[in-house]
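Fold and contact review
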Amino acid sequence: MRSSLPSSPSDHPAVATSLRSLCGISARVPDTGSALNRKGTMQLSLFPLEPRLSKSKYVSGLQCHKRLYLEIYTPELATEHDEETQARLDAGTDVGEVARRRFPGGVLVDYDHGNLTVALRRTEELASNPSIPAIFEATLKFENVLVRVDILERLADDRWRLIEVKASTRTKDVHLDDLAIQTHVAMGAGVRLEGIALLHLNRAYVYEGGEVNLDRLFVQQDLTVAVLARLAEVPQRLLSMKAMLMEPTAPDVDPGHHCHTPYVCPFWDHCTQEKDPRWVFYLPGPKRTFDRLAEQGVHTIDTIPGGFKLSDTQQRMKDNVEWIGPDLRAALQAVRYPVHHLDFEGFMPAVPLFPGTRPYQTLPFQWSNHTEHEDGIVRHEEYLCANAGDPREELALALLRSVGRQGSICVYSGYEWRILMDLADALPRLKRELSAVAARLWDLLPIVRRHYYHPGFEGSFSIKVILPALAPSLDYSNLEIADGGLASLEYYRMAFGKTDAAEKTRIRASLLEYCKRDTLALLEIRKILLQKTFEPRDQNLTPV
Ligand code: SF4
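A brief report on the enclosed structure follows. The shown structure was predicted, so the numbers you read here are calculated from the model rather than taken from an experiment.

Attention now moves to unusual backbone geometry. Cis geometry is found at the peptide bond from Thr261 to Pro262, where omega equals 0°. By the secondary structure assignment, Pro262 is in the loop between α11 (233–245) and α12 (268–271). Here the residue pair Tyr337 and Pro338 is connected by a cis peptide bond, since its omega of -5° sits within 30 degrees of zero. Along the polypeptide, Pro338 turns up in the loop between α15 (328–332) and β9 (339–347). The backbone of Glu143 shows a phi angle near 50°, a positive value even though the residue is not glycine. Inspection of the secondary structure puts Glu143 in the loop between β3 (134–142) and β4 (145–154). Judged by its relative accessible area of 22%, Glu143 falls in the partly exposed class. Positive phi, close to 60°, is recorded for Asp158, a residue that is not glycine. The residue Asp158 is located in the loop between β4 and β5 (160–166) in this model.

Structure, rendered in structure tokens:
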């Protein structure tokens, strides 16, 4: 690469400045000496000299030095990705592949992990061929940091634009760090950069059918100035990470909110395994509460000093007893019969599949409705789209038939309201009926939040948490699909994936079972809570 892409500074003044600073920094890279100096001969294989970093390792190191250390030396301590996380990562890869179509004639650098040299050489070959307009996954290395640039776009005069593709719909702060390390390596490797950009999805794009309009699907945001402003920090940060990695043990970092930002750290279970189950981190509410308690040396919820100001929910979690608010019965009795219990499942394709939809628009594919009549009779109805078409109209018509025009519609959170409003917008001829259904929604979540607490909630009001506390026999642990993320993933696999008929049948049954459990849970929670308001009680506090 160096021979074809001279390392002389670009004409871009900021790039030139950064290159000068890079030259200074490269002279300051420490002589790390031999591993024998640190731990003796046995350490030579356990702690190789200066482990190679990458852009993801750099971003990990920015989040937490301990995370980087564990990723390098003991990756087996990480919790494996669940299917949902893996699906999100796969979606990012898919978006990256679609993005490449914006650069016809671009060539992908194949890289199997054993063959870095080949990938580096291939990148250099492609760069020296002026007929190649773009290099995908351009592989570059500088000072033992390896990056694979999503798209290196050739501009005039042997200059390049470095482009990172993200499946997000906006630029986030972490993207600037991601681009800064790539820029550092690219410039160090001699690439003459003219611009640095992020290509992300455009949430305002409405797919009109036919070929996806790639120019409208993506937004290319020029971040040259913002990234270069961050570039000066990179060498020092790398030095600090590399020095940390030469230590014989991982740094002592207390887990806290930084473990979830910008990404959920896979070592969370490992780092918190010895924390008390009543660790103050588990208090619901703003993170400053945890920070203030940690500053005061308070580790468990039970030792929070009496005068410390807590919200109502936090106080109930501290009290750790069942609490029934005086207005719970009245709130629950505000429903009108027949009471429907409704739950939607939806999926959010990154690249729109159906005309009139946008990237990441939630598309409902399933609902379940348990209807309780005043005489106690319960009827169940459900819908699950059976093909790969746009499910919305068929789903809406079936729903209108099921909920009729009477009774409250019990839901848990504002999700169903948003789905109904979206359906009303998308289906003008059903707008009036769907809006009328939305007006009948009766949300159980704020009622539970305001009027009831059980120690089994552990500060959460998620239906997946409160159901086992109130009706243990109904929890989700015996279901193949036990959360909405997995339901969406499995639906996508059933409707659009290469799954055989038997697998489709299995997924379909699991989806129906899951959604049905959600609405049965709603019904049971409503009934159990109401029953509690009639139970004789000496007082409103029941110790666990
Ligand atoms: S869980 Fe937190 S403290 Fe532990 S390695 Fe990850 S980010 Fe660092």
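Still more ground to cover, so stick around.
It is worth spelling out the nonpolar core at this point. Ile304, Tyr412, Leu434, Leu444, Phe457, Tyr491 and Leu511 are the most contacted members of the largest nonpolar core, which totals 86 residues. Looking at this core, the element that brings in the most residues is helix α22 (residues 501–534), giving eight residues. Residue-level mapping places this core at the junction of two domains, with at least three residues from each of domain 2 (275–319) and domain 3 (329–543). Discounting chain neighbours no more than four positions away, the residues touching Tyr491 are Phe347, Phe365, Leu384, Cys385, Asn387, Pro391, Phe496 and Leu511. Of all hydrophobic cores here, the second largest spans 44 residues; its members include Val145, Leu176, Val234 and Leu238.

On to the environment of Lys166. By the element assignment, Lys166 lies in strand β5. Judged by its relative accessible area of 17%, Lys166 falls in the buried class. Between the C-alpha atom of Lys166 and that of Leu198, which follows or precedes it by 32 residues, the distance is 7.2 Å. Non-local contacts of Lys166, meaning those with residues more than four positions away in its chain, are made with Val95, His175, Asp178, Leu198, Leu199, His200 and Leu201. Among the polar contacts made by the side chain of Lys166, one reaches the side chain of Glu164 at a distance of 2.9 Å.

Taken as a whole, this structure holds three cavities of 30 Å³ or more when the rule is applied. What lines the largest cavity is a set of 14 residues, and nearest its centre among them are Cys64, His258, Cys259, Cys265 and Cys271. Where the lining of the largest cavity is concerned, the elements lending two or more residues are α5 (65–73) and α12.

Counted under the stated rule, the structure contains 30 salt bridges. A salt bridge links Glu381 to Arg379; its shortest N-O distance comes to 3.1 Å. Owing to a relative accessible area of 28%, Glu381 belongs among the partly exposed residues under this scheme. A salt bridge links Lys464 to Asp518; the shortest N-O distance between them is 3.5 Å. On the criterion of sequence distance, the pair formed by Lys464 in helix α20 (residues 463–470) and Asp518 in helix α22 is long-range, its members being 54 residues apart. Overall, Asp518 belongs to the buried group, its relative accessible area being 5%.

Cut-offs used in this document
- Residues numbered from 1 in each chain as written.
- Predicted model: local features only at pLDDT ≥ 70, side-chain atom pairs only at ≥ 80, totals over all residues.
- Heavy atoms only, no water.
- Helix = DSSP H or I, 4+ residues; strand = E, 2+ residues; numbered from the N terminus.
- Buried < 20%, exposed > 50% of the residue type's maximum accessible area, 1.4 Å probe, protein only.
- Core = buried A, V, L, I, M, F, W, Y, C linked by side-chain atoms within 4.5 Å.
- Domains from an automatic or database assignment.
- Contact = heavy atoms within 4.5 Å.
- Polar contact = N/O pair within 3.5 Å; in protein donor to acceptor, adjacent residues only side chain to side chain.
- 1 Å grid on protein atoms, 1.4 Å probe; cavity = no way out; pocket = protein on both sides within 12 Å on 5 of 7 lines; lining within 4 Å.
- Points joined across faces, edges and corners; volume = space filled by probe spheres on them.
- Salt bridge = Lys/Arg side-chain N within 4 Å of Asp/Glu carboxyl O.

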